[in-house]
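Inside the fold
Below are the chains, spelled out letter by letter.
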Amino acid sequence: MSAGAAPPKLAVWKFASCDGCQLSLLDFEQELIALPDQIEVAYFLEATKGTIEGPYDLSLVEGSITTPADRERIREVRRQSARLVTIGACATSGGIQALRNFADVDDFISTVYAEPGYISTLEDSTAISANVPVDFELQGCPVDRHQLFEVISAFLNRRRPAIPSYSVCVECKRAGNVCVTVAHGTPCLGPVTQAGCGAICPSCDRGCYGCFGPAEAPNAPSLSRQLSGLGVEDVDIVRLYRTFHADREPFRSEGIAHER
Amino acid sequence: MRVLERKSLSPLLEALRRRGYEVIGPTVRDGAISYEPLSSADQLPVGVTDEQEGGTYRLAERDDGAVFGFNNGANSWKNHLFPPELSLWKGRRDEDGEIRFTEQEHRGGPYAFVGVRSCDLAAISIQDRVFIGDAYVNGDYESRRRDAFIVAVNCAEAGNTCFCASMDTGPRAGDGFDLALTELLDGGHRFLVEVGSERGEEVLAEVGSSPAEPRDVAAADAVSEDCASQMGRELETDGIKELLYRNVEHPRWDEVSERCLSCGNCTLVCPTCFCHSIDDATDLAGTESERVRRWDSCFGLEHSYVHGGSVRQSGKARYRQWMTHKLATWIDQFGSSGCVGCGRCITWCPVAIDITEEAAVIRATDRIEAVGINADD
Ligand code: SF4
Ligand code: SF4
Ligand code: SF4
């Protein structure tokens, strides 16, 4: 950055989500605020009341698009943002709320709300990238704070973020874990799930449940055959794929293939 | 040749420790045998065996009190000589704008590796060729490897996924060790010891051993012969390089790619795979940076990423890369096979893909005429 230039403006936006990813950012918010020459936290309602108008140099977007109003709002955010990075399962895949994409949303509305007439919602919960172009997607439910730090750091230092897109197995083996599937017969989504979490679940002797979403080249049909071989029923295979990234390929198709 | 009593195993580890070695050996961890730092001989997997098959590994008990009555560990010595993650240097931009680098000192070792099987000895010598056997020497590997004391153990039983006999790497250790033990259970629990170096001789002298009787030598020979006859797998290596080169478009690659998860487990457990990535990290202010080396795998898209994209886009291209490198291109690159027949890639593949089976199918349906590589399909 040339001397005297204004620092880049960071904005953080929330759509349909649980705020967990923003909390990962709050973990190192002090470090961001301590660098006023490097970055200006211009819009981050979870952290600061004050807001500074756009345009913004970097927008982090949490949450999925579930309402007509949000569909408009994300377009405005995109217009205001030089770089737009989506963070978390909701923003990158539609999130847990994308389970509704497999059912009739009107049924939910009439079951849940006393006055359904006030509800204005879309049929589907969709990833931000299904609505506007995005510059980078950071997967995870929630995102890993070190990875989020890396994305921001890469942006500020004008380099490519070092975010691996291979499987959890690579991290799991590096961590020195004994494979829970091979040695214990535990069903694990690690081979089709993107690294980034540090293989937390297999390190605690349980199978990966896919919260970091599909890896770069997942072969879900083969993993499903292996899961069946371990005795996992179809209904549970559907559940495995249909948690955090239910509507993201190939988890979406694999879930449908095992539905009866 | 000498004979070491069963009860002398603990003094042997003690003697190694006294000489300043960090002892690494087999122990039970998380339902598998793993090579880990040992503080006592009590941690050795006494009376434990492993049952390995494609995609499965289970521990079982054995009632003969054997100390090394199992086959290969879940990890390998590579985890210690070529650690999965290693900081190479840190950089700092000082107030005056000057950038200063601090090289990371490695803190491992010197190691004494206890229980190295013959196939793994061969794997170590293959990695020696890769890391220190050429004009460019990998300093970290060199410093870990240079002083490593090796106590080899000859296998008594072959595992279901073993095929060292095919690869000419076992089951009996030929050289490359300081001491080599053959565990003898009949007629008194003891070890036949072959001495491979002067320091091996010295260590053995500290522990105390007796001269081997002809019956001990004969018993050890019988153990190795028995083991060689029980190999769970077989791989025909005759002309394998040419076989794979002329079959780059064999339909079997498509078939295996239907099953292969591209998870990379086979490359990570393989004791000879050496691929790694070099990752740089910076802090937010751009004043501190760090370079870290991490195990990588040719099953990742990034591994073949060049300007414009990855060369090996398909699962077929990636599996073919792995197997062809292990069994064929390695020969052109380093003058030996890249596979020592340890069987780990078969056992630890979640979907039980078997390098010996894939090679056998291609051989059985050899297409004879050579065709060119089309890396993209
Ligand atoms: S290719 Fe498989 S059998 Fe051969 S050395 Fe590597 S892990 Fe062992
Ligand atoms: S098989 Fe793959 S990971 Fe192993 S050394 Fe060869 S290219 Fe590297
Ligand atoms: S051969 Fe097996 S272990 Fe290797 S990448 Fe394919 S599925 Fe994974």
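**Comments concerning the site of ligand 1**
In the vicinity of ligand 1 there are 13 residues, among which Cys270, Cys339, Cys342, Gly343 and Cys345 of chain B approach most closely. Of the residues contributing to the shell around ligand 1, the split by class is nine nonpolar, two polar and two charged.

**Structural notes on the packing of helix H10 (residues 220-229) of chain A against helix H11 (residues 234-241) of chain A**
Residue and element names in this part refer to chain A. It is the contact of H10 with H11, at a shortest axis distance of 10 Å, that shows an interaxial angle of 135°. Regarding the angle of H10 to H11, the classification is oblique. As for the relative orientation of H10 and H11, their crossing is right-handed in sense. For the pair formed by H10 and H11, the contact residues are Ala220, Leu223, Ser224, Leu227 and Ser228 on the first element and Ile237, Leu240 and Tyr241 on the second. Residues that form the contact of H10 with H11 fall into these classes: six nonpolar, two polar and no charged.

**Digging into the interface of chain A and chain B**
In this assembly, 33 residues from chain A lie in contact with 42 residues from chain B. For the pair chain A and chain B, the two sides together bury roughly 3000 Å², of which 56% comes from carbon and sulfur. Counting the surface chain A buries against chain B, the share from its top three residues, Lys173, Arg174 and Val182 of chain A, is 24%. The interface formed by chain A and chain B contains one salt bridge. Of the charged contacts in the structure, one is a salt bridge between Glu302 of chain B and Arg160 of chain A, with a shortest N-O distance of 3.4 Å. Where chain A touches chain B, the interface holds 21 residue pairs in polar contact (both at pLDDT 80 or more). Every element with two or more residues in the side of chain A that touches chain B is listed here: helix H2 (29-33), helix H6 (145-156), helix H7 (168-174), helix H8 (180-184) and H10 of chain A. With five residues, the single largest contributor to the side of chain A that touches chain B is H6 of chain A.

**Side note on the sheet that holds strand S5 (residues 136-138) of chain A**
Residue and element names in this part refer to chain A. Across the sheet, five strands lie side by side as S2-S1-S3-S4-S5; this open sheet has parallel pairing. Because the sheet does not close on itself, it has two edges, and the strands there are strand S2 (40-44) and S5. Taken over all neighbouring pairs, the strand axes of this sheet differ in orientation by 20° on average, direction set aside. Note that strand S1 (residues 9-14) and S2 share four bridges and pair parallel. Considered in S2, the bridge of Val12 is made with Phe44. Helix H3 (residues 68-80) rests against S1, strand S3 (56-62) and strand S4 (81-87) of the sheet, and its axis sits at about 130° to S4. Most of the contacts of H6 go to S3, to which it runs at about 160°, and overall it touches S3, S4 and S5.

**Section: the pairing of strand S8 (residues 111-116) of chain B**
All names here are of chain B. A large share of S8 lies buried, amounting to six of its six residues. Note: strand S2 (residues 22-29) against S8, three bridges, orientation parallel. Its bridge partner lying in S8, Ile24 is registered against Phe113. As defined by bridge partners, S8 adjoins strand S9 (residues 149-154) across four bridges and the pair is classed as parallel. In the sheet register, Ala112 faces S9, and the bridge partner there is Phe149.

About the cut-offs
Residues numbered from 1 in each chain as written. Chains lettered and ligands numbered in written order. Predicted model: local features only at pLDDT ≥ 70, side-chain atom pairs only at ≥ 80, totals over all residues. Heavy atoms only, no water. Near = heavy atom within 4 Å. Nonpolar A, V, L, I, M, F, W, Y, C, P; charged D, E, K, R; others polar. Axes fitted to C-alpha atoms, helices over the stretch in contact; angles between N-to-C directions. Helix = DSSP H or I, 4+ residues; strand = E, 2+ residues; numbered from the N terminus. Parallel < 35°, antiparallel > 145°, perpendicular 65-115°, else oblique. Left-handed = near helix turned anticlockwise from the far one by under 90°. Contact = heavy atoms within 4.5 Å. Buried area = accessible area lost by both parts, 1.4 Å probe. Salt bridge = Lys/Arg side-chain N within 4 Å of Asp/Glu carboxyl O. Polar contact = N/O pair within 3.5 Å; in protein donor to acceptor, adjacent residues only side chain to side chain. Pairing = 2+ DSSP bridges. Buried < 20%, exposed > 50% of the residue type's maximum accessible area, 1.4 Å probe, protein only.

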